[in-house]
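What follows is the residue order along each chain.
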Amino acid sequence: MKVATHHLRCTECAAVIPKDEASSNFRCPQCNGLYEVVYPWSDVTPGVKAEPKSEAQSGAQTSTFSDLVNLLPNPSALRWLWEERRTSTMAVDQSGVWRFRDLLPIVDDFEKVVTLREGNTPLYELPRAARALGLNWLLAKHQGMNPTGSFKDTGMTAALSVAAQRGFEWVACASTGNTSAAMAAYAARAGLRSIVFIPEGKIAWGKLSQSMDYGALTIQLKTDFDGCVKILADLVQRFPIYLLNSVNPYRLEGQKTPAFEIVEQLDWQVPEHIIVPGGNLANSAALGKGFTEMYQLGLIPRRPKVSIIQAEGANPLYRWFTDANRVMKPVVAETRATAIRIGNPASWRKAATVIDELGGWCEQVSEQEIALAKAEIGSEGIGCEPASAVTLAGLKKLVALGKVTAEERAVLILTGHTLKDSQYTIDYHRNELFTAAEKAQLTPADQASHAALRRPPIVLEADSSEVLRVLESYMSQPQPV
Ligand code: F0G
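The notes below deal with the structure included here. Starting from 1, residues in each chain are numbered consecutively following that chain's sequence as written. At least 70 in pLDDT is required for a residue's local features to be given in this predicted model, at least 80 for side-chain atom pairs to be given and counted, and no such filter applies to totals for whole chains, interfaces and linings, which use all residues. The basis for every side-chain value is the complete set of heavy atoms in the structure, and neither hydrogens nor water enter the calculation.

Read from one edge of the open sheet, 6 strands run β4-β5-β13-β10-β11-β12, paired in mixed fashion. Because the sheet does not close on itself, it has two edges, and the strands there are β4 (123–125) and β12 (362–365). Each strand axis lies, on average, 25 degrees off the axis of its neighbour in the sheet, ignoring direction. Note: strand β11 (residues 305–311) against β12, 4 bridges, orientation parallel. Counted as the bridge partner of Ala311 is Val365 from β12. When checking whether two residues touch, look at their non-hydrogen atoms; a contact exists if any pair is within 4.5 Å. Angles run from 0 to 180 degrees between N-to-C directions of axes, and those axes are lines fitted to C-alpha atoms, restricted for helices to the stretch in contact. Counting from the N terminus, the helices are the DSSP runs of H or I reaching at least four residues and the strands are the DSSP runs of E reaching at least two. Helix α10 (residues 257–265) rests against β4, β5 (138–142), β10 (273–277) and β13 (410–414) of the sheet, and its axis sits at about 135 degrees to β5. By definition, two strands form a pair when at least two bridges between them are found by DSSP.

Laid out in C-alpha cells, this is it:
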C-alpha cells in the first residue's frame, strides 16, 4: 500500500483533506480558510524531538501516515545529507530547495522536479549598517540572488513541480511582478502555458519584461493587485487553470527552505531575529513554518523571533498588530515599493500566527525611510529592490525601541534584486523620486543622510583635462565611512 507523504489542513477550522482534493482556489469549502501542508512531523510538540517508534509499536512500518516519522533520518544525518548534496552533479541535489527534499515530500517523482538550481543564496554581512545601528553584527540573506532575481523562485519550483506532475497544462497568477516573473520562467522550463495578471502601470519594468521574455500571456488589468486577485479567483473556478498565487500551500513549502539555509550557513546556530518584508504575507508565514519544523525535528534548539515590516501606505498587518481588538481591515494600498503594494493580504492569519508563536513585531516604515535604507544597502555593494529595503528601515525602529539589542543577531531577508526596479534607483540618485512637498517634510539631518548617499551620474565633455579637474575635486573629499 502506498502511503500519502502529506495532507492539507485548513489553518482556520483544522479540517484535513487528502493532498489532491483541494478546490481550484485553494480555499476550505467549510470556512474559506487557507490550507497548509502537513507531514507526519507537523504535530510533534516543538522542542521535543520526534522519537521513532519501535518496529513492534508501529507494526508494519509504513502502514499509516504518522508512521512515516520513523523513516526520517536523525538530525545529524539530515545535516550531513543536505551539505553532501551540494557537491552532487544532479539538478535535484544542486537546487537549494530540493536538497532539503526530505522535509518537503510533495511530489511523486523528485527526479522530475522543475528546477533552475534556485536557492543556495548568499548570507552577507552588513558591517556599515551594523555599526550605524550600534549592533555587533547584521546579516542579509539575499533572496534576490535567485535565478529570476527574487525569493519567489524557491516557492515556484515547488508549486510548479506539483502542477506539472499532476498534469496541468495552464498555470496562472496575479502578481505585483516577481511571482509572475518566476512563474513564467518555471512554466517555460516545464513546457506549461502561463497567464499573468498584473496591475497596469504599477509594476517595475524589469519584472514586466521578464514575464514577456519567458513567454507568458501577460495581461495588464486596469486595477490594483487586490483587483487582479479577485478576477483570477473567479477565473480558476471556470477554467482548468492551476493557481500559483501564494494561497497555493505548495509555494510555502519551497519558501520555507531559506530558513534551513540560514541556520546551515551559521553552522547550525540560530539567530535571534529574522526581519521580513510583508505584502501578501506568505513569505513570513513560510519562513516561520521552516523554523518550526526544524525545531520540531530537533535540528535547532529554539526558534528566532520573526518581525514583519510593511510600507506605511500598505500596512494592514501593522494596523492589526497595533489595534487593541486585533481586527484585520483591508486598506487601499499605495507605496513606491510596488512589490508590497497590497491592501488585502491573503495569508495575514498565517503571518499573524508566526508573530504570536515565535515572537517578533510588526512595524511600518515611510517612503523616505525605505529610500534611505535601500541606498544604504546599495552603498555596501549589495543592493536590493525597494520592498526588500523595508527590512533595514524597520530594524532601525526595532533597535530604537530596544527590541533588538547590540549582542543579538539579526538577519534581514532581502527579497528582490536591485535590477528589478532600476528606475526607482535612478530617480533616487537624481533626486527625482520624491515630490517637492515630500522633500519639504524632511528634517535637515534626514536631508544630509540622503545627500551623503546620492550618486547622480555626471555628464562631461570627452576631454581628459576636464575629467581630471572634476576627479580632483572628488578626490579631495573624504571617503564616506
Ligand atoms: N518583497 C518582494 C520583492 C516581493 O515581490 C514581495 C511580494 C514581497 C516582498 C512580499 O512577500 O507577499 O509573501 O508578504 N510579491 C508578490 C508578487 C505579491 O506578486 O510578486 P509576501
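This part is about the state of the cysteines. Note on disulfides: each one is a pair of cysteine sulfur atoms within 2.5 Å. The full count for this structure, using the stated rule, is 0 disulfides. Counting only cysteine sulfurs, Cys31 is the nearest neighbor of Cys13, a cysteine outside any disulfide, at a range of 3.7 Å. Here Cys173 is not disulfide-linked; the sulfur of Cys228 is the nearest cysteine sulfur, at 9.7 Å.

What follows covers the site of the ligand. Whether a residue is near a molecule or strand is decided by its heavy atoms; if any one of them lies within 4 Å of it, the residue is near. In the vicinity of the ligand there are 20 residues, among which Ser175, Thr179, Asn280, Leu281 and Thr415 approach most closely. The side chain of Ser175 places a nitrogen or oxygen atom 2.7 Å from an oxygen atom of the ligand. Polar contacts here mean pairs of N or O atoms no more than 3.5 Å apart (in protein, one a potential hydrogen donor and the other a potential acceptor; neighbouring residues in sequence count only if both atoms are side-chain atoms). Within the backbone of Gly279, one N or O atom sits 2.8 Å away from an oxygen atom of the ligand. Across the complex, the protein chains shield 98% of the 480 Å² of accessible surface that the ligand would expose by itself. When residues are sorted by character, Ala, Val, Leu, Ile, Met, Phe, Trp, Tyr, Cys and Pro go into the nonpolar class, Asp, Glu, Lys and Arg into the charged class, and all the rest, Gly among them, into the polar class. In terms of residue class, the shell around the ligand is built from 8 nonpolar, 10 polar and 2 charged. Only the protein chains shown count as cover for residues, and the accessible areas themselves come from Shrake-Rupley with a 1.4 Å probe.

Below, the discussion takes up the pairing of β10. For every residue, the accessible area (1.4 Å probe, protein chains only) is compared with the maximum for its type, and the residue is labelled buried under 20%, exposed over 50%, or partly exposed between those bounds. Among the 5 residues in β10, 5 count as buried, and that is most of the element. Burial of β10 is two-sided: the residues His273, Ile275 and Pro277 facing one way and the residues Ile274 and Val276 facing the other way are all buried. Pairing of β10 with β11 involves 5 bridges; the strand directions are parallel. Each residue of the ladder has a partner; that of His273, found in β11, is Lys305. Note on handedness: a clockwise path from strand one over the helix to strand two, with the strands aimed away from the viewer, defines a right-handed crossover. The parallel pair β10 and β11, bridged by helix α11 (residues 282–296), forms a crossover whose chirality is right-handed. Strand direction decides the pairing type here: β10 and β13, joined by 3 bridges, are parallel. Across the sheet, Ile274 pairs through a bridge with Val411, a residue of β13.

Residues other than glycine seldom take positive phi values, yet Ala14 does so here, at roughly 70 degrees. Mapped onto the elements of the fold, Ala14 is located in the loop between β1 (7–10) and β2 (16–18). Exposure remark for Ala14: the relative accessible area of 47% places this residue in the partly exposed category.

To continue, consider the pattern of salt bridges. A pair can form between side chains of opposite charge whenever their charged atoms are brought close. Salt bridge, as applied in this entry: a Lys or Arg side-chain nitrogen positioned within 4 Å of an Asp or Glu carboxyl oxygen. On inspection of all chains with the given rule, the structure shows 27 salt bridges. Notably, a salt bridge pairs Arg86 with Glu264, separated by 3.9 Å at the nearest N-O pair. Taken together, the residues span a long stretch of sequence, with Arg86 in the loop between α2 (75–85) and α3 (91–94) and Glu264 in helix α10 at a distance of 178 residues. A relative accessible area of 12% means that Glu264 is categorised as buried. A salt bridge links Asp109 to Lys112, with the nearest nitrogen and oxygen atoms 3.5 Å apart. By relative accessible area, Asp109 is classed as partly exposed at 25%.

Paired rings are identified among Phe, Tyr and Trp, the last through its six-membered ring, by centres lying within 6.5 Å, and are further divided according to the angle between planes into stacked (under 30 degrees), edge-to-face (over 60) and tilted (the rest). Considering all chains together, one arrives at 10 aromatic pairs under this definition. Plain terms: the ring middles of Trp82 and Phe100 are 4.9 Å apart, the flat faces sit at 75 degrees to each other, and that makes the pair edge-to-face. Of this pair, Trp82 sits in helix α2 while Phe100 sits in the loop between α3 and β4, placing them 18 residues apart in sequence. Of the two residues examined, Trp82 and Phe100, each falls in the buried class. By the ring-pair criterion, three or more aromatic residues cluster together here, those being Trp82, Phe100, Phe260 and Trp268. For a lysine, the NZ atom is tested; for an arginine, the CZ atom; a charge sits over a ring if that atom is within 6 Å of the ring centre and within 35 degrees of the ring normal. It is Arg79 that lies over the ring of Trp268; its NZ or CZ is 5.0 Å from the centre. Above the plane of the ring of Trp320 lies Arg326, whose end atom (NZ or CZ) is 4.2 Å from the centre.

Attention now goes to the sheet that holds strand β9 (residues 241–243). Strand order in the open sheet formed by 4 strands is β8-β7-β6-β9, with parallel pairing between adjacent strands. The open sheet is flanked by β8 (217–221) and β9, the only strands paired with a single partner. Strand-to-strand, the axes of this sheet are offset by a mean angle of 25 degrees, without reference to chain direction. Two elements, strand β6 (residues 170–174) and strand β7 (residues 193–199), share 5 bridges in a ladder whose sense is parallel. What sits directly across from Cys173, in β7, is Val196. Strand contacts of helix α6 (residues 178–190): β6 and β7, with the helix running at about 170 degrees to β7, the strand carrying the most contacts. Contacts from helix α7 (residues 205–213) reach β7 and β8 within the one sheet, and its direction differs from that of β8 by about 145 degrees.

Each nonpolar core is a collection of buried residues, namely Ala, Val, Leu, Ile, Met, Phe, Trp, Tyr and Cys, held together in the definition by side-chain atoms within 4.5 Å. Ranked by internal contacts, the top residues of the largest apolar core, which has 83 residues, are Trp98, Leu103, Ile106, Leu160, Val171 and Met294. The residues contacting Leu160, other than those within four sequence positions of it, are Val114, Val171, Met183, Tyr186, Ala187, Ala190, Leu192 and Leu244. Membership of the second largest hydrophobic core comes to 52 residues, among which are Leu138, Ala373, Tyr428 and Phe434.

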